[in-house]
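Chain residues, written in single-letter form:
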Amino acid sequence: MSAPDPSKLSLNTATVREKWNLAQAIEGCARHGFRGISPWRDQVAELGLKKAASLVKSHELTVTGLCRGGFFTDKDWRDDNRRAIEEAHALGAQCLVLVVGGLPAGSKDLPGARNQVKDGIAEILPEARKAGVPLAIEPLHPMQAADRACVNTLEQALDLCDVLGEGVGVAVDVYHVWWDPKLESQVGRAGRKRILAYHICDWLVPTRDLLNDRGMMGDGVIDLPKIRGMVEGAGYAGFHEVEIFSKLDWWQRDPDTVLSTCKDRHARMT
């Protein structure tokens, strides 16, 4: 398999957010030759939406996604998601990533939560279409079904896409889907039009924290070249977005070292 295209490398700013603010991350991406960036909304708010959009443009970066909308099972999701769509539009983001939400408070009704998610996306979808902002449903690992995302497989996410129609696709994050025995068939089912984002990192053994212990590419057990082959074979030709939550390791390191390592591992391990 050929080496990945270095021009496709994008940084999800969660990877360096403990030491760099958004302005520093934008400048760092440009300095290290990253052509894409995916910021988090709290960082955008801290910098200011107009300033963030201006800096991204002046550094000639592509916003590969905005993190995040969703949490449709919470009480006050509507206004926040509308603002997220407006922000994604202003930044020229290729998609708004949806972390859909887990069980409502006090509930044990998982199918009911998934129906709430479907209805919530359907409610904001006309606004997203009007703004030209694709919505990327990100299935999360089943360990986060209760608290963060009741959509846990690519198949479940694509079933929602089938119902909801144009303007909705998926974010394929290797950390969350690498284990799925149906992964290859479902990536193929998604195809070029519905794979809106591709996120990379690695799964460490042992995993010391269920949320904040992702590994750098090559440090864990995920067959990254195989999964890249799947998504590219399905027609995806977009960015490879590094998203590493690493409280015990990478968040403690110098961000310039982190970005240099990302470049090296992307070239050799993915």
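Higher on the page you've got the structure.
This one's a predicted model, so the numbers in the text were calculated from it and none came from an experiment. (Residues numbered from 1 in each chain as written. Predicted model: local features only at pLDDT ≥ 70, side-chain atom pairs only at ≥ 80, totals over all residues. Heavy atoms only, no water.)

A.B. asks: Is there a simple way to explain the side chain of His199 in this structure?
C.D. replies: As for its position among the elements, His199 is in strand S8 (residues 195–200). Within the structure, His199 has its side chain in polar contact with the side chain of Glu243 (distance 3.2 Å). Among all residues touching His199, those that are not within four sequence positions of it are Val97, Glu138, Ala171, Val172, Asp173, Val174, Glu241 and Glu243. (Helix = DSSP H or I, 4+ residues; strand = E, 2+ residues; numbered from the N terminus. Polar contact = N/O pair within 3.5 Å; in protein donor to acceptor, adjacent residues only side chain to side chain. Contact = heavy atoms within 4.5 Å.)

A.B. asks: Honestly, the side chain of Thr73 in this entry has me stumped. Any pointers?
C.D. replies: Tracing the sequence through the fold places Thr73 in the loop between strand S4 (66–70) and helix H4 (78–91). Among the residues examined, Thr73 registers a relative accessible area of 8% and is labelled buried. Thr73 has contacts with Val100, Gly101, Gly102, Leu103, Pro104, Ala113, Gln116 and Val117, leaving out every residue within four places of it along the chain. (Buried < 20%, exposed > 50% of the residue type's maximum accessible area, 1.4 Å probe, protein only.)

A.B. asks: Is there a simple way to explain the pattern of salt bridges in this structure?
C.D. replies: Pairs may arise between side chains of opposite charge once their charged atoms sit close together. Under the criterion given, the structure shown has 22 salt bridges. For the salt bridge of Glu27 with Arg31, the shortest nitrogen-to-oxygen distance reads 2.1 Å. Of this pair, Glu27 and Arg31 both sit in helix H1 (residues 22–32), separated by four residues, roughly a single helical turn. Note that Arg194 and Asp162 form a salt bridge whose closest N and O atoms lie 2.6 Å from each other. Here Arg194 is found in helix H8 (residues 183–194), whereas its partner Asp162 is found in helix H6 (residues 154–164), with 32 residues between them in sequence. A residue is classified by how much of its surface remains accessible, and Arg194, at 18% relative accessible area, is buried. (Salt bridge = Lys/Arg side-chain N within 4 Å of Asp/Glu carboxyl O.)

A.B. asks: How should I be thinking about the packing of H8 against helix H9 (residues 224–233) in this particular structure?
C.D. replies: Working note: a packed helix pair is described by the angle between its axes plus the distance between those axes. In contact at an axis separation of 8 Å, H8 and H9 are set at 30° when each is read in the N-to-C sense. Relative to H9, H8 is oriented roughly parallel. When the axes of H8 and H9 are compared, the crossing they make is right-handed. Contact with H8, carried on its side by Leu183, Glu184 and Val187, involves Ile227, Met230 and Val231 of H9 and no other residues of that element. Looking at the contact of H8 with H9 residue by residue, the classes come out as five nonpolar, no polar and one charged. (Axes fitted to C-alpha atoms, helices over the stretch in contact; angles between N-to-C directions. Parallel < 35°, antiparallel > 145°, perpendicular 65-115°, else oblique. Left-handed = near helix turned anticlockwise from the far one by under 90°. Nonpolar A, V, L, I, M, F, W, Y, C, P; charged D, E, K, R; others polar.)

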